Amino acid sequence: MTPAARIAAAIQILDRILAGDPAEPALLRWSRASRFAGSGDRAAVRDLVFDSLRRLRSRAALGGAMTGRGLMLGLCRDEGIEPSTIFTGEGHAPPPLAPAEQAVTAPGRVGERLDLPDWLLPLWQQSLGDEAEPVALALRDRAPVWLRVNLRRTTPEAAAAALDRDGIAVAPHAALASALRVTQGARRLASSAAYRDGLVELQDLSPQLACALLPAQGSLLDLCAGGGGKALALAARGAGLVVAHDIDPGRMADLPNRAERAGVRIRLAAPGGVSGRFDLVVADVPCSGSGTWRRTPDAKWRLTAADLARLQQTQAQILDQAAGFVAPGGHLAYMTCSLLNAENADQAGAFLSRNAHFSLLEQRRYSPLTASDGFFLALMRRC
Ligand SMILES: C[S@@+](CC[C@H](N)C(=O)[O-])C[C@H]1O[C@@H](n2cnc3c(N)ncnc32)[C@H](O)[C@@H]1O
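In this text, all values refer to a predicted model and were calculated from it rather than measured experimentally.

Basis of the calculations
Numbers given to residues run from 1 along each chain, matching the order in which its sequence is written. Restriction of local features to residues with pLDDT of at least 70 applies here, the model being predicted, together with a cutoff of 80 or more for giving and counting side-chain atom pairs; totals for whole chains, interfaces and linings are based on all residues. The basis for every side-chain value is the complete set of heavy atoms in the structure, and neither hydrogens nor water enter the calculation. The cutoff for a nearby residue is simple: one of its non-hydrogen atoms must lie within 4 Å of the molecule or strand. Definition of a polar contact: a pair of N or O atoms within 3.5 Å, with one able to donate and the other able to accept a hydrogen when the atoms are protein atoms, and with sequence-neighbouring residues admitted only if both atoms are side-chain atoms. A simple rule labels every residue: compare its accessible area, found with a 1.4 Å probe on the protein chains alone, to the largest value its type can have, and call it buried under 20%, exposed over 50%, or partly exposed in between. In this text, helices come from DSSP runs of H or I with a minimum length of four residues, and strands from runs of E with a minimum of two, each type numbered from the N-terminal end. Here the arc refers to the directions that run from the helix axis out to each C-beta atom. Note on definitions: a residue-residue contact is assigned when non-hydrogen atoms from the two residues lie within 4.5 Å. Here the limits of each domain have been adopted from an automatic or database domain assignment. Two strands form a pair only when DSSP identifies at least two bridges running between them. Stacked, tilted and edge-to-face are the three classes assigned to paired rings of Phe, Tyr and Trp, where Trp is represented by its six-membered ring and a pair needs centres within 6.5 Å; plane angles under 30 degrees give stacked, over 60 edge-to-face, the rest tilted. In our convention, an over-ring charge means Lys NZ or Arg CZ found within 6 Å of a ring centre and within 35 degrees of that ring's normal. Helix axes are fitted to C-alpha atoms over the stretch in contact, other axes to C-alpha atoms as well, and angles between N-to-C directions run from 0 to 180 degrees.

S.K.: What is the right way to read the site of the ligand from this model?
M.R.: Inspection of the region around the ligand gives 17 residues, with C224, A225, K230, D246 and D284 positioned closest. Within the contact set of the ligand, a nitrogen atom lies 3.3 Å away from a backbone nitrogen or oxygen of A225. In this structure, an oxygen atom belonging to the ligand sits 3.3 Å away from a main-chain N or O atom of G229.

Here's what the structure looks like:
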């Protein structure tokens with residue numbers, strides 16, 4: 001496909017997304033209907049779509065319309081590509097610009113410049129203060145790929161050497177040697193021997209830094225386990241009994257395979273089937289995901305104030321439920337991948353005022369300015 005044909009494909013997919021289709025299924029539908037597209041074309045079209053979603057408002061402002069075509073015109077203007085070289089109407093290229101499209105506009109409103117929804121701006125500002133603008137701008141770029149070395153199976157040096165044999169280059173984090181940033185060859189990861197043999201797992205840096213702060217002795221309950229990223233990380237550090245639970249057991253479907261690959265044992269609990277007390281309870285609760293909008297940029301535009309209010313209610317309920325599983329002297333780790341105080345410090349603070357027998361040991365917020373994805377940890381102890 002020519003660069004212009006790829007842009008024409010992205011226009012078509014973005015129009016479906018703007019009409020309400022989620023991004024991944026919209027891309028999949030295009031892929032299935034486009035047998036002529038090679039793997040390089042698919043990757044390039046995917047990048048065009050996701051880059052546009054990360055910068056939806058600023059690109060629409062630059063392109064003069066909130067449409068697939070407006071977004072691609074905005075991309076040309078943003079990246080200094082002369083639109084008439086793409087919008088030629090020849091072959092599979094998009095039709096030439098109409099006179100009304102020739103006028104260049106620019107992002108004017110704060111929400112357009114920062115690529116955030118207007119309703120969220122006051123909460124964003126209040127949560128991030130001086131970092132509100134640089135963090136919002138950082139979320140407009142692609143996220144890096146981080147790996148966690150499985151110390152049960154190997155060392156960071158041996159994992160890096162194994163990845164190198166498969167053409168994947170990595171660099172260790174300065175303070176956490178078991179966190180490796182992929183600097184080359186990320187698309188080869190899934191088929192690499194290091195991944196297949198459980199030497200490394202995909203996990204962003206921020207949750208790795210947060211998990212490194214948790215006590216990993218004794219028994220562990222991962223109450224909202226999902227794919228099991230936190231349970232696997234803590235099991236690899238040598239926690240004793242590890243129980244994973246999720247209200248939606250389908251979310252844990254891959255966990256037995258991942259645990260086997262990693263050489264760790266994780267017991268799955270049926271929904272509502274957890275009993276007893278644990279030395280550490282992890283509550284990695286459902287949240288706005290505002291810290292991970294580089295990876296799921298369409299979620300940034302789907303979130304509403306009503307969604308956020310519902311999420312806050314669920315978070316408070318899960319925290320109260322989680323507290324009941326913490327053994328005396330044990331720990332409760334509240335985690336979100338959000339950057340909003342309403343889901344983070346405010347939620348932890350409200351829990352502590354409802355539960356006088358818990359005290360706060362540590363509270364950390366990670367952001368792309370200091371780590372990688374936005375992430376929050378409140379580590380509390382039951383007396
Ligand atoms: C942020 S995700 C967890 C991600 C996971 N810990 C990981 O590292 O991959 C939140 C999870 O909470 C689950 N969940 C939602 N409400 C719940 C509840 N009341 N009890 C337990 N799990 C719940 C969701 O199904 C979802 O899988």
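S.K.: I tried to follow helix α18 (residues 345–354) on my own but got confused; where do I start?
M.R.: The periodicity of an α-helix, 3.6 residues per turn, causes residues three or four places apart in sequence to face the same way. For α18, the complete set of buried residues consists of Q347, A348, F351 and L352. What you see down the axis of α18 is that its buried residues fit within an arc of 135°, all on one side. Packing partners of the buried residues in α18 comprise α17 (305–323), β9 (326–336), β10 (358–366) and β11 (375–382).

S.K.: I'm lost on the domain arrangement of the protein chain in this one. Help?
M.R.: Interface size is commonly expressed as the accessible area that is lost once the parts come together. What the domain assignment reports for the protein chain is domain 1 (3–108), domain 2 (146–202) and domain 3 (213–382). One C-alpha centre belongs to domain 1, the other to domain 2; they are set 34 Å apart.

S.K.: Looking at this model, I keep getting lost on the pairing of β9. Mind explaining?
M.R.: Two faces, one strand: in a regular strand the side chains alternate between the faces of the sheet. In terms of residue burial, β9 counts as a mostly covered element, since nine of its eleven residues are buried. Inspection of the sheet shows strand β8 (residues 278–284) paired to β9 by six bridges, in the parallel sense. Counterpart to A283 in the pairing with β9 is Y334. Across six bridges, β9 lies against β11 in antiparallel orientation. Its bridge partner lying in β11, A333 is registered against L379.

S.K.: What is the right way to read the packing of aromatic side chains from this model?
M.R.: Both the distance between ring centres and the angle between the ring planes are used here to describe each pair of aromatic rings. Taken as a whole and assessed by the stated rule, the structure comprises three aromatic pairs. When the centroid spacing of 6.3 Å and the interplanar angle of 70° are considered together, the rings of Y334 and F376 count as edge-to-face. Pair noted here: Y334 is in strand β9 and F376 is in strand β11, with a separation of 42 residues, a long-range link. Neither residue differs from the other here; Y334 and F376 are each classed as buried. With a centroid separation of 5.2 Å and 65° between ring planes, the pair formed by F351 and F358 is classed as edge-to-face. The pair formed by F351 and F358 is uniform in burial state, with each residue classed as buried. Cation over ring: R261 sits above Y195, and NZ or CZ is 4.6 Å from the ring centre.

S.K.: How do you make sense of the side chain of S127 when you look at a structure like this?
M.R.: Counting through the fold element by element, S127 comes out in helix α9 (residues 121–128). There is a polar contact of 3.0 Å between the side chain of S127 and the backbone nitrogen of N341.

S.K.: Can you walk me through the sheet that holds strand β2 (residues 169–172) in this structure?
M.R.: Paired through their backbone hydrogen bonds, the strands of a sheet run either parallel or antiparallel. On the basis of which strands lie adjacent, the open sheet formed by four strands has the order β2-β3-β1-β4 and antiparallel pairing. Strand pairing shows two members of the sheet lacking a second neighbour, β2 and β4 (200–202), which therefore form its edges. Geometrically, the sheet is characterised by an average inter-axis angle of 40° between neighbouring strands, direction not taken into account. Judged from the three bridges that link them, strand β1 (residues 146–149) and strand β3 (residues 179–184) form a sheet pairing that is antiparallel.

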